[in-house]
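Each chain is listed here by its residues.
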Amino acid sequence: MSVLDLARADIRALQPYSSARMEASGGRVMLNANESAWAPPGDHDLACNRYPDPQPAALVDALARLYGVRASQVLVGRGSDEAIDLLVRAFCRAGQDAIAIQPPTFGMYAVSARIQDAAVVTVPLAADFTLDVDALLAAVTPAVKLVFVCTPNNPTGQLVPLADVERLAQALRDRAVLVVDEAYIEFSDAPGAAPLIDRFDNLAVLRTLSKAWALAGVRIGTLLANDEVIALLKRIMAPYPLPRPCVALALEALSEAGQVAARAHIATVRDERERMALALAQVPGVRQVLPSQANFLAVRFDDAGATYQRLLDAGIVVRDVRRYPQLGDALRITLGTPEENDRVLEVLNNLVADGRKRSDGTAMGAQA
Ligand SMILES: *Cc1c(COP(=O)(O)O)cnc(C)c1O
């Protein structure tokens, strides 16, 4: 059985749009795409009057090298969000098929599924936010075509051990595609799952330049998967997904100098993660700092709502994750510069001072 047998038959049979740039490139006088012959103001030799290459070879090759796979196993899109959407559309028949997720986790899997009218099977993470492989496998009905696993998980920060990924890929073979979202893996100690793609044709790995590579505004995400899956998704992707300025910025980030800078920032984030986890645990009113392998900390508070507001009043915006299951008392705090992180600690320690004033009756006793 091929992994493509899990995909929608109508998508496999679809005659894709054939853009001018796909049909012919490399000429010197390009008169086949109704482009302007003149570069726009401020073009800086980017040739933005021309449509971009659908999958620029230099970028595909750089990403293949970075992630340790072959170019035919790479699909570059507008953030990993686009890859999630493409996977759901290619594998899930509206009104019939489903995806499986483990809440609390990244929201886009369920949103993409709902847009496609695919059902969402939820298998909650254990109380300690680890993934229960057996429970997940037990929930995979024949309707489930995609199983999403986020590692390190957003918003909790925990890793899924590679051995669990391998076990899932093996058990799901011929049943479903395992999609491993590694948006934050650069901040962890763990190896990624990309080397397993050659062994499991039903394994897909999501990587992004949005977090560790400082390019959230450039929207470049990568799907690593079996050649056949990549080829199928290319057929349904928008014709020219990658703007030329974005490709240029991504190539610069992936250059040798860019990689040195990224590694330095990752090291700082990891140092700050350790420092902040210890410091936050000392702040009265903090119930727990969840162990994190990502560039954020999920923190439980006695009063998360008031803490959120207090930070906001000080101009600090964190993510209120109280709507997620099992995180009803938590905020997710991204690790910033050391100065920004100091500011968070300052404000949180003030919050406690105010709270004491209130509870000992001196300031607000009448209302208590
Ligand atoms: C931020 C994030 C992404 C989105 O990445 P883009 O490449 O910017 O679309 C994907 N998955 C998770 C878990 C994320 O937190």
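See the structure shown above.
Quantities reported herein were computed from a predicted structural model and do not represent experimental measurements. Position numbers for residues start from 1 in each chain and track the written sequence from start to end. In view of the model being predicted, local features appear only for residues whose pLDDT reaches at least 70, and side-chain atom pairs are presented and counted only at 80 or more, with totals across whole chains, interfaces and linings using the full set of residues. With hydrogens and water set aside, each side-chain value is computed from the structure's full complement of heavy atoms.

Let us now look at the overall build of the chain. Put simply, DSSP marks the helices as runs of H or I at least four residues long and the strands as runs of E at least two long, and each gets a number from the N terminus on. A tally of regular secondary structure across the chain gives 12 helices and 11 strands. Compactness check: the chain gives a C-alpha radius of gyration of 23 Å against a globular reference of 21 Å for 368 residues, within 12% of the reference. When its C-alpha atoms are laid out on the principal axes, the chain stretches across 80 × 55 × 35 Å. For the exposure calls, accessible area comes from a 1.4 Å probe over protein chains only, and a residue counts as buried if that area is under 20% of its type's maximum, exposed if over 50%, partly exposed in between. The buried share among the 368 residues of the chain stands at 49%. Within the chain, contacts between residues at least 6 apart in sequence are counted, and of these 70% link residues at least 24 apart. Each accessible area value is a Shrake-Rupley result obtained with a 1.4 Å probe; residue values ignore everything except the protein chains displayed when judging cover. Carbon together with sulfur atoms contributes 53% to the accessible area of the chain, which is approximately 17100 Å² in total. By the counting scheme adopted, Arg and Lys are positive, Glu and Asp are negative, and His together with the chain ends is not counted. We put the charge of a Lys on NZ, of an Arg on CZ, of an Asp on CG and of a Glu on CD. Across the chain, the centroid of the 37 positively charged side chains sits 3 Å from that of the 43 negatively charged ones. C-alpha atoms define the radius of gyration, and 2.2 Å times the number of residues to the power 0.38 defines the globule rule. Residue contacts follow a heavy-atom distance rule, with two residues in contact if any of their heavy atoms lie within 4.5 Å.

A few words on the pattern of salt bridges. Every case where a carboxyl oxygen of Asp or Glu lies within 4 Å of a side-chain nitrogen of Lys or Arg is listed as a salt bridge. The final tally for this structure, using the stated rule, is 22 salt bridges. The salt bridge involving aspartate 329 is made with arginine 300; its shortest N-O contact spans 2.8 Å. Here aspartate 329 is found in the loop between β10 (319-320) and β11 (330-334), whereas its partner arginine 300 is found in strand β9 (residues 296-301), with 29 residues between them in sequence. Each member of the pair, aspartate 329 as well as arginine 300, is classed as buried. Beyond isolated ion pairs, a larger network of salt bridges with shared partners links Arg287, Arg300, Asp302 and Asp329.

This part takes up unusual backbone geometry. Across the chain, the bulk of peptide bonds are trans and the bulk of non-glycine residues have phi less than zero. Between proline 103 and proline 104 the backbone carries a cis peptide bond, its omega angle lying at 0°. If you trace the backbone, proline 104 turns up in the loop between β2 (98-101) and α5 (108-115). Positioned with a positive phi, alanine 214 is a non-glycine residue whose angle comes to about 65°. Its identity as a non-glycine residue notwithstanding, glutamine 326 has a phi of 70°, on the positive side. Relative to the helices and strands, glutamine 326 is located in the loop between β10 and β11.

Okay, the layout of surface pockets next. Note on definitions: the grid is 1 Å and covers protein atoms alone; a cavity is a set of points where a 1.4 Å probe fits but cannot get out; a pocket is an open set with protein on both sides within 12 Å along at least five of seven lines; lining residues have an atom within 4 Å of a point. Grid points are joined across faces, edges and corners, and a volume is the space filled by probe spheres set on the points. By volume, the largest pocket is sized at about 630 Å³. Of all the secondary-structure elements, those providing two or more residues to the lining of the largest pocket are α4 (79-91), α10 (256-282) and β11. Ranked by the residues each element gives to the lining of the largest pocket, the list is headed by α10, at five residues. Taken together, the residues of the lining of the largest pocket break down into 16 nonpolar, 11 polar and six charged. Throughout, the ten residues Ala, Val, Leu, Ile, Met, Phe, Trp, Tyr, Cys and Pro are labelled nonpolar, Asp, Glu, Lys and Arg are labelled charged, and all others, Gly among them, are labelled polar.

What makes a residue near a molecule or strand is one non-hydrogen atom of that residue sitting within 4 Å of it. Around the ligand sit 13 residues, and of these Ser80, Asp181, Thr208, Ser210 and Lys211 come closest. Polar contact is the term for a pair of N or O atoms within 3.5 Å; when the atoms are in protein, one must be able to donate a hydrogen and the other to accept it, and sequence-neighboring residues count only if both atoms are side-chain atoms. Here an oxygen atom of the ligand and a side-chain polar atom of threonine 208 are 2.5 Å apart. For the ligand, whose free accessible area comes to 380 Å², the fraction covered by protein is 94%. Occupancy of a cavity or pocket is assigned to a molecule whenever over half of its atoms lie within 2 Å of that pocket's grid points. According to the grid-proximity analysis, the pocket containing the ligand is the largest pocket. For the shell around the ligand, the leading source of residues is α4, giving three residues. Looking at the shell around the ligand, its residues break down into four nonpolar, five polar and four charged.

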